[in-house]
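An overview of the molecular structure
If you want the building blocks of each chain, they are given just below.
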Amino acid sequence: MYQIIDGKKISQQIKDELKEKVAALKAQGKTITLAVIQVGSDPASGVYVGNKKKACAYIGIESRAYELPEETTQEELLQLVAQLNADETVGGILVQLPLPGHISEDKVLLAIDPKKDVDGFHPVNVGNLSIGRPGFVSCTPAGVIQLLKRSGIEIQGKECVVLGRSNIVGKPMAMLLLRENGTVTVCHSRTKNLKEITKRADILVVAVGKPKFVTGDYVKEGAVVIDVGIHRNADNRLCGDVDFDSVAPHTSAITPVPGGVGPMTVAMLMYNCVEGGAKNACNQRIL
Ligand code: NAP
């Protein structure tokens with residue numbers, strides 16, 4: 001029988017730990033503040049921003065919302081980022097993606113002070129992760145590590161396969177598994193004999209961006225399978241990159257969608273805010 005890794009429960013534990021920490025910081029006169037910038041009115045972004053604000057309110061983080069119109073220029077947005085970089089009362093800055101087409105996401109993300117880059121997307125933070133220095137880590141892969149650790153799944157010495165090499169999930173995921181002493185292989189769209197490689201995995205992390213792509217024949221008996229994917233079916237139900245029904249019976253543990261990796265992303269964003277704010281510098285590994 002396989003274990004279902006409960007991301008809802010684990011993310012709640014993390015939020016409760018952070019709430020205590022924020023209360024202790026408040027008692028010392030320190031407030032944690034996150035600036036959230038949204039440009040335009042993309043409905044999905046609206047939902048994500050709403051979830052982040054809700055989590056801030058629960059934990060006791062002050063969230064400052066900057067809701068800018070679609071026609072905001074790149075220059076205006078860069079000016080706001082510069083102003084928030086200089087504002088000592090702001091600990092973290094988050095720019096909700098995607099941005100409207102006339103604004104370069106790259107230019108804006110590069111403009112954020114790496115010490116306030118709670119999404120962990122700035123090249124300085126990506127570089128710090130890859131050379132083992134402290135820094136903000138991209139929230140979704142950081143959440144996967146917490147799911148594994150808090151479910152009692154050892155990473156050290158394990159054969160870990162990451163399916164996907166995006167900058168925000170696959171690559172930092174591989175770096176984090178390596179940092180935990182896993183033996184890591186990264187697969188992508190040009191990988192040959194994909195199933196042979198995924199079948200070697202003790203821990204398989206799937207971030208391929210294709211609904212129900214991974215089926216039972218991709219998985220070794222007793223493997224741990226983490227599904228990062230999020231998709232909405234034709235009947236409006238959520239599903240992942242893993243075909244849960246065909247894969248789960250072959251695993252020792254698996255994340256569901258919804259209720260697996262998804263809730264961890266916001267929890268780890270909150271973690272980055274609290275750690276960054278508490279030290280007023282890049283975060284350390286405390287979880
Ligand atoms: P992405 O940028 O589209 O990257 C997908 C990766 O999969 C790429 O590296 C691509 O290879 C690889 N790939 C595509 N088709 C493949 C195939 N047939 N065989 C092998 N590899 C293949 O996606 P992402 O941003 O990493 O996101 C992945 C999934 O996670 C999506 O479903 C997304 O919605 C979800 N997501 C969830 C959260 C969360 O909070 N839970 C956060 C972020 C993303 P190439 O590099 O060669 O193109």
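Report on the accompanying structure.

Another aspect to go through is the nonpolar core. Counting 50 residues, the largest nonpolar core has Leu34, Ile61, Leu148, Leu177 and Met270 as its most contacted members. Per-element tally for this core: the top contributor is helix α10 (residues 262–279), with 9 residues. In this structure Met270 touches Leu18, Leu34, Lys52, Ala55, Cys56, Ile59 and Ile61, once residues within four positions along its chain are discounted. Listed in part, the 17 residues of the second largest apolar core include Ile197, Tyr218, Val219 and Val225.

Taken together, the neighbourhood of the ligand is formed by 22 residues, with Arg165, Ser166, Ser189, Lys210 and Thr265 sitting nearest. Contacts to the ligand include Ser166, whose side-chain N or O atom sits 2.5 Å from an oxygen atom. Between His188 and the ligand, the recorded distance is 3.3 Å, taken from a backbone N or O atom to a nitrogen atom. Calculation on the ligand without its partners gives an accessible area of 930 Å², and the protein chains cover 71% of this total. Per-class residue counts for the shell around the ligand are 9 nonpolar, 10 polar and 3 charged.

The first and last C-alpha atoms of helix α6 (residues 139–150) sit 16 Å apart over 12 residues, in line with the 16 Å expected at 1.5 Å per residue. Burial of α6 is extensive: 10 of the 12 residues sit out of reach of the surface. Regarding α6, the residues found buried are Cys139, Thr140, Pro141, Ala142, Gly143, Val144, Ile145, Gln146, Leu147 and Leu148. Downstream of α6 by a residue or two, Gly152 has a phi angle that is positive, lying close to 75°.

Below, the discussion takes up the sheet that holds strand β6 (residues 183–187). Strand order across the open sheet formed by 6 strands is β1-β11-β8-β7-β5-β6, with parallel pairing between neighbours. For this open sheet the edge positions go to β1 (3–4) and β6, each flanked by a neighbour on one side alone. Sheet analysis places strand β5 (residues 159–163) next to β6, joined by 5 bridges and oriented parallel. Pairing of Cys160 across the sheet is with Val184, part of β6. Against the sheet, helix α7 (residues 170–179) makes contact with β5, β6 and β7 (203–206), and its axis sits at roughly 170° relative to β5, the strand it touches most.

In this section: the pairing of strand β3 (residues 62–68). The two faces of the sheet receive side chains in turn, since in a regular strand these alternate between them. Note: strand β2 (residues 33–39) against β3, 7 bridges, orientation parallel. Bridge pairing in β3 places Leu34 opposite Ser63. As a crossover connection, the stretch from β2 through helix α2 (residues 43–59) into β3 is right-handed.

On to the packing of helix α1 (residues 7–27) against α2, then. Between α1 and α2, the least distance of the axes is 8 Å, while the angle of their chain directions is 50°. The pairing of α1 with α2 is recorded here as oblique in orientation. Each of Gln12, Lys15, Asp16, Leu18, Lys19 and Val22 in α1 lies in contact with α2, whose residues at this interface are Ala55, Tyr58 and Ile59. Per-class residue counts for the contact of α1 with α2 are 5 nonpolar, 1 polar and 3 charged.

So, how was this worked out
Think of each chain on its own: its residues are numbered from 1, step by step along the sequence as written. A pLDDT threshold of at least 70 governs which residues receive local features in this predicted model, and a stricter bar of 80 or more applies before side-chain atom pairs are shown or counted, although totals over entire chains, interfaces and linings include all residues. Hydrogens are left out, water is left out, and the side-chain values use all remaining heavy atoms of the structure. Only buried residues count toward a nonpolar core. Its members are Ala, Val, Leu, Ile, Met, Phe, Trp, Tyr and Cys residues joined through side-chain atoms within 4.5 Å. Type-normalised accessible area, obtained with a 1.4 Å probe on protein chains alone, sets the label of each residue: buried when under 20%, exposed when over 50%, and partly exposed for intermediate values. Comment: elements are numbered from the N terminus, with helices defined as DSSP H or I runs of at least four residues and strands as E runs of at least two. Note on contacts: a residue pair qualifies if any of its non-hydrogen atoms lie within 4.5 Å across the two residues. Put simply, a residue is near a molecule or strand once any heavy atom of it comes within 4 Å of that molecule or strand. Definition of a polar contact: a pair of N or O atoms within 3.5 Å, with one able to donate and the other able to accept a hydrogen when the atoms are protein atoms, and with sequence-neighbouring residues admitted only if both atoms are side-chain atoms. Method for areas: the Shrake-Rupley scheme with a 1.4 Å probe, in which residue coverage is limited to the protein chains shown. For this classification, the nonpolar set comprises Ala, Val, Leu, Ile, Met, Phe, Trp, Tyr, Cys and Pro, the charged set comprises Asp, Glu, Lys and Arg, and every other residue, Gly included, is treated as polar. The span you would expect from a helix comes to 1.5 Å times its residue count less one. DSSP calls a pair of strands paired once it identifies at least 2 bridges connecting them. Axis geometry follows a simple rule: fit a line to the C-alpha atoms, using only the stretch in contact for helices, then measure angles between N-to-C directions, giving values from 0 to 180 degrees. If you view a crossover with the strands going away from you and the path from the first strand over the helix to the second runs clockwise, you call it right-handed. Each angle gets one of four labels, with under 35 degrees taken as roughly parallel, over 145 as roughly antiparallel, 65 to 115 as roughly perpendicular, and the rest as oblique.

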